[in-house]
Amino acid sequence: MRWPVSCALRNVRGSSRDFWCNAVGHNIYYKSEVYLLCLCVLLAVRIILYTTKAKDMDPMKIKAPLVEAVMQHARQNITPFHMPGHKGGRGFPEEFLNNLAVIDVTEIPGMDNLHQPAGVIAQAQQMASAAYRSHRSFFLVNGSTSGIHAMIMAVCKPGDRLLVPRNSHKSVWSALVMADVRPVYIQPQYDIDNLLTTQISVQQVCEALDRYPDAVGLLVTHPNYYGMCSHIEEIEKLVHDRGKLLLVDEAHGAHFIFHSALPPSSGEIGADIWVQSAHKTLPALTQGAYLHVGSSKMDWKRLAQVLGMIQTSSPSYMVMASLDWARAFMEARGKDLLQQLIIRIENLKKLLKSEYGLLSLDDYGGWKEVAAVDPTRLTLDVRSLGITGYQAELLLREAGVQVEMSDMYRLVSIFSVADKEMEFEAFIRGCDYLSKNISLRKDLSSLGFNQLSISREIPEQIMSPREAFYSIIENVPMRESIGRVCAGIIGTYPPGIPRFCPGELIDREGIEELDDIQQRGGNLFGLVDNLLVPVVKV
């Protein structure tokens, strides 16, 4: 495997060591007196530092709550079925893990520069481009969020219209505010029996393009958080036949390109520009993502200029090296490991259904607007157990298993090529614990499965997202926000899909839905102090 950034970083430590060994050797040979004096000084300093360290580094005298929390989590030995895809380091080589602090460097000689790459970073990005079948690829150290911001800011001018599915990630709306772009919303199809947003249909895209011929293009989420993919190949043809651009949020699909049994990647279907969160499904560190340009219609120099504005000027070499490694590893072993993963998950679904009555998306019967579901993602319906997904997540945690997310009915788990037989066995034990301990937790089933009030209409757009965001804002309780214009992005996280967006009229149905989700254990985002809704002041 070739991973140029990581190999360059590996040389940093050795080069420094050789330099100092040669320098010290020269002094020893010609100035033994100085050497002895230096040795005594060094010994004295070591003694002082040791005693000072023993005194000052007493963990009982240092308060670092975040450090304490992450170390406590590490000691619990929880089996992760969530991002990042390296799964606690199992997807990395030992040499990489042992030298993380050493390779945390900056733009020193030999390390290249992310914002003006001409050396190892440029080489690594070119290899990523070849792997993902793009014209040009960029490393992102601020996650797919920065990639979505860059896509929209590079493609659109202030005042432009962009077709945006309502189930887009919340980062899309922050990009609309920053770029002053006016969204044309497409409401995805909805499975009312399972309270599940699926995907947009080809017909909906066609109708939106007919109504708004001045739109710059369409942004598609492929796949969504549950692994569901729209008919993106048909959508691509439709969009390009109209002379529009296809932007794809492929944050959860960085692994698609490496196995033919997976849904098609954006590079295979001819998207103009797409972003992928490598850290979600590949062995890469959190915040590591790729941004790909797949069309000559895209001005990649303009895109690079935007990335220079929104990404940090001090990029993490640990993150960049992990992006390089993820691509190299998947090219070398991804196909075989994904094949094993697909088989294991299929067997796991059958076992969980027969033993515990837990259904997966395969048992929902399918949807016309969904072309494929990612077979490496496991979504389990827990209604047969008489509890919500939020409650099931807590019980699994007690059993030493942590899933990616939960909603009212389901658990969503992210598996990756770093998961082996041991992890699958841990997941089965967790589900066994879940099934056997429900009767001991009578308080968990106190909330029934009342039908949620889902507003199927997109809220009325009163102001543009940017106008609302920069208005005079006040914060009010959720119930008092009904009838007001939303000034923020309010929804449930995960999956991070907004219920109300900046500039929209807040309706009663949406507030009741959010309130119900919160009372049942779900988490809301966008609230001020976890209580108040930002609205435009009247």
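Definitions and limits used
- Residues numbered from 1 in each chain as written.
- Predicted model: local features only at pLDDT ≥ 70, side-chain atom pairs only at ≥ 80, totals over all residues.
- Heavy atoms only, no water.
- Helix = DSSP H or I, 4+ residues; strand = E, 2+ residues; numbered from the N terminus.
- Buried < 20%, exposed > 50% of the residue type's maximum accessible area, 1.4 Å probe, protein only.
- Contact = heavy atoms within 4.5 Å.
- Areas by Shrake-Rupley, 256 points an atom, 1.4 Å probe, with all protein chains shown as cover.
- Salt bridge = Lys/Arg side-chain N within 4 Å of Asp/Glu carboxyl O.
- Axes fitted to C-alpha atoms, helices over the stretch in contact; angles between N-to-C directions.
- Parallel < 35°, antiparallel > 145°, perpendicular 65-115°, else oblique.
- Left-handed = near helix turned anticlockwise from the far one by under 90°.
- Nonpolar A, V, L, I, M, F, W, Y, C, P; charged D, E, K, R; others polar.
- Pairing = 2+ DSSP bridges.
- Patch = residues over 30% accessible without salt bridge, like charges linked within 9 Å, V, L, I, M, F, W, Y side chains within 5 Å.
- Core = buried A, V, L, I, M, F, W, Y, C linked by side-chain atoms within 4.5 Å.
- Phe/Tyr/Trp six-rings, centres within 6.5 Å; stacked < 30°, edge-to-face > 60°.
- Lys NZ or Arg CZ within 6 Å of the ring centre and 35° of its normal.

Enquirer: What exactly am I supposed to notice about the overall build of the protein here?
Expert: Within the protein, the secondary structure is distributed over 17 helices and 22 strands. When burial is assessed residue by residue, the protein has 53% of its 538 residues classed as buried. When contacts within the protein are restricted to residue pairs at least 6 apart in sequence, long-range pairs at least 24 apart make up 74% of them. For the protein, the computed accessible surface area is about 25,100 Å², with 54% contributed by carbon and sulfur atoms.

Enquirer: How should the pattern of salt bridges be read in this particular structure?
Expert: Pairs can form between side chains of opposite charge whenever their charged atoms are close. Evaluated as defined, the whole model comprises 23 salt bridges. The residue R344 makes a salt bridge to E421 at a minimum N-O spacing of 3.2 Å. Of this pair, R344 sits in helix α13 (residues 317-356) while E421 sits in helix α15 (residues 421-437); the two residues are 77 residues apart in sequence, bridging distant segments of the chain. Taking the shortest distance from any N to any O, the salt bridge between R410 and D407 comes out at 3.0 Å. Grouping residues by exposure puts R410 and D407 together as buried. Via salt bridges that share partners, K87, R90, D419 and E423 belong to a single interconnected network.

Enquirer: Just checking my understanding: could you explain the packing of helix α14 (residues 389-398) against α15 for this structure?
Expert: Helix packing geometry: the angle between the two helix axes and the distance between the axes. Contact geometry of α14 with α15 gives a least axis separation of 9 Å together with a crossing angle of 120°. Overall, the two elements α14 and α15 adopt an arrangement that is oblique. The way α14 lies across α15 gives a crossing that is right-handed. On α15, the residues that touch A392, L395, L396 and E398 of α14 are G430, C431, Y433 and L434. When grouped by side-chain class, the residues that make up the contact of α14 with α15 number 6 nonpolar, 1 polar and 1 charged.

Enquirer: Got a minute to help me understand unusual backbone geometry in this structure?
Expert: A negative phi holds for most residues other than glycine; trans holds for most peptide bonds. Here M83 and P84 are connected by a cis peptide whose omega angle stands at 5°. Along the chain, the position of P84 falls in the loop between β1 (79-81) and α4 (94-98). Cis geometry marks the peptide bond from H222 to P223; its omega dihedral reads 0°. Looking at the element boundaries, P223 is found in the loop between β7 (217-221) and β8 (228-229).

Enquirer: Looking at this structure, how should I read the sheet that holds strand β17 (residues 410-414)?
Expert: The strand order across the open sheet built from 4 strands is β12-β14-β17-β16, with neighbouring strands paired in antiparallel fashion. In this open sheet, the two strands that pair with only one neighbour each are β12 (359-360) and β16 (405-406). Pairing analysis gives 2 bridges linking β12 to strand β14 (residues 377-381), with the strands arranged antiparallel. If you follow L359 over to β14, its bridge partner there is D381.

Enquirer: Help me understand the packing of helix α5 (residues 120-132) against α13 in this model?
Expert: One way to put it is that α5 packs onto α13 with a least axis distance of 10 Å and a crossing angle of 35°. Handedness of the α5/α13 crossing: left-handed. Contacts between α5 and α13 involve I121, A124, M127, A128 and A131 from the first element and Y317, M320, D324, R327 and E331 from the second. When its residues are assigned to classes, the contact of α5 with α13 shows 7 nonpolar, no polar and 3 charged.

Enquirer: For this particular structure, what's the right way to read a nonpolar patch on the surface?
Expert: On the surface, a nonpolar cluster with roughly 390 Å² of combined accessible area is contributed by L66, V67, V70 and M71. Topologically, M71 is positioned in helix α3 (residues 65-76). The class for M71 is partly exposed, based on a relative accessible area of 42%.

Enquirer: So what exactly am I meant to see when it comes to the nonpolar core here?
Expert: By size, the foremost hydrophobic cluster in this structure holds 64 residues, and its most contacted members are Y290, L352, F415 and F427. At the level of secondary structure, the elements contributing two or more residues to this core comprise α5, α13, β14, α14, β15 (401-403) and α15. When residues in this core are grouped by element, the largest group, 18 residues, is from α13. Counting 35 residues, the second-largest nonpolar core is a separate cluster that includes V172, L247, L291 and C501.

Enquirer: Would you explain the packing of aromatic side chains in this entry?
Expert: Between two aromatic rings, the relevant description is the distance of the centres plus the angle of the planes. Counted under the stated rule, the structure contains 12 aromatic pairs. Aromatic side chains Y132 and Y290 sit 5.3 Å apart centroid to centroid with 45° between the ring planes, which places their arrangement in the tilted category. Residue Y132 is located in helix α5, and its partner Y290 is located in strand β11 (residues 289-293); the two are separated by 158 residues in the primary sequence. With centroids separated by 5.4 Å and ring planes inclined at 35°, the aromatic side chains of W325 and F329 adopt a geometry described as tilted. Of this pair, W325 and F329 both sit in helix α13, 4 residues apart, which is roughly one turn of the helix. Judged by relative accessible area, which is 6%, W325 ranks as buried. On the accessibility criterion, F329 (9% relative accessible area) is buried. In this structure, K170 packs its charged tip against the face of F525, placed 4.8 Å from the ring centre. Stacked on the ring of F500, the Lys or Arg R499 has its end atom at 5.1 Å from the ring centre.

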